[in-house]
Amino acid sequence: MIQTALDIEAIRKDFPILKREVNGKPLVYLDNAATSQTPQQVIDVIVDYYQNYNANIHRGVHSLSQEATDKYELARQKIQRHFNAAKSKEIIFTSGTTHAINLVANGFTSLLEKGDEVLVSAMEHHSNIVPWQMLCERSGAVLKVIPMNNEGELRIDLYREMLTSKTKLVFCNHVSNALGTINPVKEMIAAAHNIGAAVLIDGAQAAPHIKTDLQELDVDFYTASAHKMCGPTGVGILYGKEEWLNTLPPYQGGGEMIEEVTFEKSTYAGLPHKFEAGTPNICGGIAFGAAIDYLNSVGLDLIEKYEHELLEYATEQLLSIEGLKIYGTAKQKTSVISFNIQGIHPYDIGAILDKLGIAVRTGHHCAQPVMDFFSIPGTVRASFSFYNTKDEVDSLVAGVNKARQMLV
Ligand SMILES: *Cc1c(COP(=O)(O)O)cnc(C)c1O
């Protein structure tokens, strides 16, 4: 049977936290862009790990270690297949997107020269800005910013003009966490490759919502964080094309990442271990694999379609509120709505919503340059997941209306 729509009530039963109350009201969780909630299927995998086969991996002769190693490597393969990477050794486990970007930025230190240029988009998360600024300080490369328009869409025409023989690297998010914009990354990658530049795409905000085929994108580096994809915190991945991962030097030294160590010199292990020094987040990696299984059992295509319906409904309802302005009105968007009400500080709206059991994020969303672009201190951000409902959108709208009446 072909499933045509999501059974949201059944899905909600998978998430124990959605049953709880906050401040005496049923929880309405609309902060999914910061972190997603965890289904029982993933929680069970975490419990099973610590109850039944907790052991260090890749080194023990004993059975528990073998079992943990097998499950950890199986998770790597699940992630590889999910993103359609060519090889599982191109999937490096990290602590998350931030760690993944720092790994690449560090590796490029010796590959850049003074005067080389690196391009960053105007709508990046701080974790896709600061590591590159640090890289520029170390290498003497110059950071240039790809501008955006008032809708929060990148100016691809200007981007094409910025690409020159000096450009060595481009980094951009697939989806903006502050605005929800889906960037035309395939086109951007092809344009960068035309002039020989490498591209890193920060997929932290895209991976929970969009099915991505890394080989089709032909991207050099891609990142994701498990905790935004129904998995646990403290684990994520760096995808890198094998040639690139072989070119980059190791990021951290330690156990696991070596072939041979003497006091004169050490040689490094092959991929992926070269970039996985120390004991990793073993349980987290296995649970990340379970989260991917869960998302695929629901179906990312159906998730994308349903979340788009929620986005359209919520956008329309919120815009009926007097004085409310939405930041980020790109044609291609995921289910993120950043907004303000004229004359009210976003924090005050967020605090009133919290009293009503509604969780949103307020502030600059780790994207201060985006806030500066719109000349605002921050926004209220409601971000929806496939386990949210239209009723919850109605609660949000009623809550924002109430806040407006209290504060204007
Ligand atoms: C969340 C997020 C990050 C940072 O991810 P961590 O899991 O905190 O390392 C980076 N970029 C974007 C677009 C994000 O949404």
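Throughout what follows, the structure given in this document is the object of discussion. Since the structure is predicted, the reported quantities are computational estimates derived from the model, not experimental observations.

Surrounding the ligand, one finds T97, T98, H125, S127, V175, N177, D202, A204, Q205, S225, H227 and K228. T98 is positioned such that a nitrogen or oxygen atom in its side chain is 2.6 Å from an oxygen atom of the ligand. The separation between an oxygen atom of the ligand and a polar side-chain atom of Q205 is 2.5 Å. When isolated, the ligand has an accessible area of 380 Å², and the protein chains bury 87% of it. Its residues placed into classes, the shell around the ligand shows 2 nonpolar, 8 polar and 2 charged.

Taking 1.5 Å per residue, 20 residues should reach 28 Å; helix α11 (residues 300-319) reaches 28 Å between its end C-alpha atoms and fits that length. Among all positions of α11, only L300, L302, I303, Y306, E307, L310, L311, A314 and L318 are buried. Buried residues in α11 make contact with α1 (8-13), α3 (63-83), α10 (282-298), β13 (324-327), β14 (336-341) and α14 (390-407).

The next subject is the sheet that holds strand β17 (residues 379-383). Taking strand neighbours across the sheet as the criterion, the 4 strands line up as β13-β14-β17-β16 in an open arrangement whose pairing is antiparallel. On the outer flanks of this sheet lie β13 and β16 (361-363), each paired with one strand and no other. Put simply, the sheet's adjacent strands are angled 30° from each other on average, direction ignored. In the sheet, β16 pairs with β17 via 3 bridges, with the strands oriented antiparallel. Along β17, the bridge assignment pairs G363 with T379. Sitting on the sheet, α11 touches β13 and β14, and the angle it makes with β14 is about 5°.

What follows is about α14. Spanning 18 residues, α14 covers 26 Å between terminal C-alpha atoms, matching the ideal 26 Å at 1.5 Å per step. Of all the positions in α14, only E392, V393, L396, V397, G399, V400, A403 and R404 are classed as buried. Down the axis of α14, the smallest arc covering the buried residues is 160°, so these residues share one side. Exposed residues lying more than 90 degrees from the buried face of α14 are D391, Q405 and M406.

Bringing the packing of aromatic side chains into the picture now. Taken as a whole and assessed by the stated rule, the structure comprises 15 aromatic pairs. Measuring from centroid to centroid gives 6.5 Å for Y294 and F386, while their planes differ by 35°, and the two rings are tilted. Of this pair, Y294 sits in helix α10 while F386 sits in the loop between β17 and α14; the two residues are 92 residues apart in sequence, bridging distant segments of the chain. We classify Y294 as buried; its relative accessible area is 4%.

This part takes up unusual backbone geometry. Here the residue pair L271 and P272 is connected by a cis peptide bond, since its omega of -5° sits within 30 degrees of zero. Looking at the element boundaries, P272 is found in the loop between β12 (266-268) and α10. For E256, which is not a glycine, the phi torsion comes out positive at approximately 80°. Along the polypeptide, E256 turns up in the loop between α9 (242-247) and β11 (258-261).

What follows concerns the environment of G236. Among the structural elements, G236 can be located in strand β10 (residues 236-240). A relative accessible area of 0% places G236 in the buried class. In the structure, G236 is positioned 109 residues away from S127 in sequence and 14 Å away in space, judged by C-alpha atoms. For G236, the contacting residues outside a window of four places in its chain are I92, F93, T94, S95, G96, A224, S225, A226 and F288.

This part covers the side chain of S121. Locating S121 in the fold gives a position in strand β5 (residues 117-121). Among the residues examined, S121 registers a relative accessible area of 3% and is labelled buried. Only 3.1 Å separates the side chain of S121 from the backbone nitrogen of M123, close enough to count as a polar contact. Polar contacts involving the side chain of S121 include one to the side chain of E124, which spans 2.5 Å. In this structure, S121 is in contact with V145, I146, L154, F171 and C172, ignoring residues within four places of it in sequence.

Conventions we followed
Residues numbered from 1 in each chain as written. Predicted model: local features only at pLDDT ≥ 70, side-chain atom pairs only at ≥ 80, totals over all residues. Heavy atoms only, no water. Near = heavy atom within 4 Å. Polar contact = N/O pair within 3.5 Å; in protein donor to acceptor, adjacent residues only side chain to side chain. Areas by Shrake-Rupley, 256 points an atom, 1.4 Å probe, with all protein chains shown as cover. Nonpolar A, V, L, I, M, F, W, Y, C, P; charged D, E, K, R; others polar. Helix = DSSP H or I, 4+ residues; strand = E, 2+ residues; numbered from the N terminus. Expected span 1.5 Å × (residues − 1). Buried < 20%, exposed > 50% of the residue type's maximum accessible area, 1.4 Å probe, protein only. Contact = heavy atoms within 4.5 Å. Pairing = 2+ DSSP bridges. Axes fitted to C-alpha atoms, helices over the stretch in contact; angles between N-to-C directions. Arc of directions from axis to C-beta. Phe/Tyr/Trp six-rings, centres within 6.5 Å; stacked < 30°, edge-to-face > 60°.

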